[in-house]
Amino acid sequence: MTNKLGLAQRLSYQRSDSSRGAVLQLLFSNKDLSRAHISRVSGLSKQTISSVMADLENAHLVEETGITEGGIGRRAQTYRLSPRAGFAVGIDLGGTNFRSGLVDFSGNVLAELSIESPHSSVEELLEIMSKTFSQLFEKAKVPISQFAQIVIGIPGAVNPATGVISNAPNLEYLDNLILRNLIQTKFDVPTLVENDVNIAALGELEKSKTEDFGFIAIGTGVGMGLILDGELRRGFNGGAGEIGYLPLGENLDQPSKEGHFEELVGGHGVEQKYEKRVKIKKTLIEIFESASNGDPIAEKIVNQLGINIALGIQAICSVLDLGEIILGGGIGSREDLYVKIVNELEKIMHNPPNVRISTLGARAGLVGAMSYALSEMRGHVLTHGSLMTTSGTK
């Protein structure tokens, strides 16, 4: 498996004023560049470029790829990033599934895995991560000694200053943990922990036609990744986008652990509504199937679900004036529900946002995590001049 990761170019790196950094940033966006081309585009002298390229080759960050063909004049040696300079793993830890992917320094996706999410303890999570890392590197047939970055998306808020996790009702063992420190201590690999829906929003950033949008994931839980002016917004405590706690739903005067809006439109809430009405337990998929087959109660629940989601979008856009809403998750990505949502928005909003279903589907969180991990790995080179690699198998 070697697919090129469609990296969001707007995931900007720390701007580097050094000659080395300028050359690397060109190579991050291009491949098979000659020294003459790099000199012309960067404005650096040919002598400087020759010195920088020799330095990068010695550091095993770039490699020769071939010789330019055609044109007038001498043929020139071309260069690209060295794929094996380092490897990063992105993880999408959801309430249901644990998805992981391995990407190399050039942005090639080498391997992916998907298993059931661990629900018992952080110790179980760390054990599963250890096995997953070994399996990914073995599957890709690349050395784990070049493991350079981990990014994990989790279903909860992450305080940007302290790293403390909160509001993780679907994986309660994460609450009040600084998961980043636990992972770095166990695997000795630079680690970034971020809200899973925020990471999915970053995965969508390149595809969006606006720099002001919300990625709303509706599945087991409900959450939103918020992009304003092309940047991810986390909020003061990292809780921006925790729309599950919007005051929409029933019994608003009573506290709700999951959040009233999540109870209203999340998967568990929908299943409970159906069971309460007919005294029969069905999964979310079965409820949608029943609705499409003419079950009047299932139809009513699904229709109301579309209305309730539209009301949530109206509330969000009334405050943020977003240009686009991207829907994802097991519920949000359903075409039949999408039509109901759009039709309802046309009724209740003067200027409804453009609404579309994520083209990445269930992989949005994983793609975002891998993109973020690659960005962090490359950013470390720009900042520190080299990659910090380790065995990753403590």
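Before going into details, it helps to say that this report is about the structure given with it. (Residues numbered from 1 in each chain as written. Predicted model: local features only at pLDDT ≥ 70, side-chain atom pairs only at ≥ 80, totals over all residues. Heavy atoms only, no water.)

### Digging into the packing of helix H10 (residues 296-320) against helix H12 (residues 335-348)
Inference 1: With their axes 8 Å apart at the nearest point, H10 and H12 run at an angle of 50 degrees to one another. In terms of axis orientation, H10 runs oblique to H12. Relative to H12, H10 is oriented so that their crossing is right-handed. Along the contact surface, H10 presents Val302, Asn303, Leu305, Gly306, Ile307, Ile309, Ala310, Leu311, Ile313 and Gln314, while H12 presents Leu337, Lys340, Ile341, Glu344, Leu345 and Ile348. (Axes fitted to C-alpha atoms, helices over the stretch in contact; angles between N-to-C directions. Helix = DSSP H or I, 4+ residues; strand = E, 2+ residues; numbered from the N terminus. Parallel < 35°, antiparallel > 145°, perpendicular 65-115°, else oblique. Left-handed = near helix turned anticlockwise from the far one by under 90°. Contact = heavy atoms within 4.5 Å.)

### Notes on the sheet that holds strand E3 (residues 62-67)
Inference 1: Ordered by their spatial adjacency, three strands build an open sheet running E2-E4-E3, and the pairing between neighbours is antiparallel. Looking at which strands have only one partner, the edges of the open sheet turn out to be strand E2 (33-34) and E3.
Inference 2: Strand direction decides the pairing type here: E2 and strand E4 (residues 77-81), joined by two bridges, are antiparallel. Across the sheet, residue Leu33 finds its bridge partner in E4, namely Tyr79.
Inference 3: The strands that helix H1 (residues 19-29) touches are E2, E3 and E4; relative to E4, the one it contacts most, it runs at about 85 degrees. (Pairing = 2+ DSSP bridges.)

### Section: the nonpolar core
Inference 1: Within the largest apolar cluster, 45 residues are counted, with the highest numbers of intra-cluster contacts made by Val23, Met53, Leu56, Phe105 and Phe215.
Inference 2: Those elements giving two or more residues to this core turn out to be H1, helix H3 (46-58), E4, strand E8 (147-154), helix H6 (196-204), strand E12 (213-218) and helix H13 (364-384).
Inference 3: Among the elements that line this core, the one with the most residues is H13, at nine residues.
Inference 4: Those residues in contact with Leu56, other than ones at most four positions away along the chain, are Arg20, Val23, Leu24, Leu61 and Val62.
Inference 5: Counting residues in hydrophobic clusters, the runner-up holds 35 residues, among them Phe98, Leu102, Leu174 and Phe187. (Core = buried A, V, L, I, M, F, W, Y, C linked by side-chain atoms within 4.5 Å. Buried < 20%, exposed > 50% of the residue type's maximum accessible area, 1.4 Å probe, protein only.)

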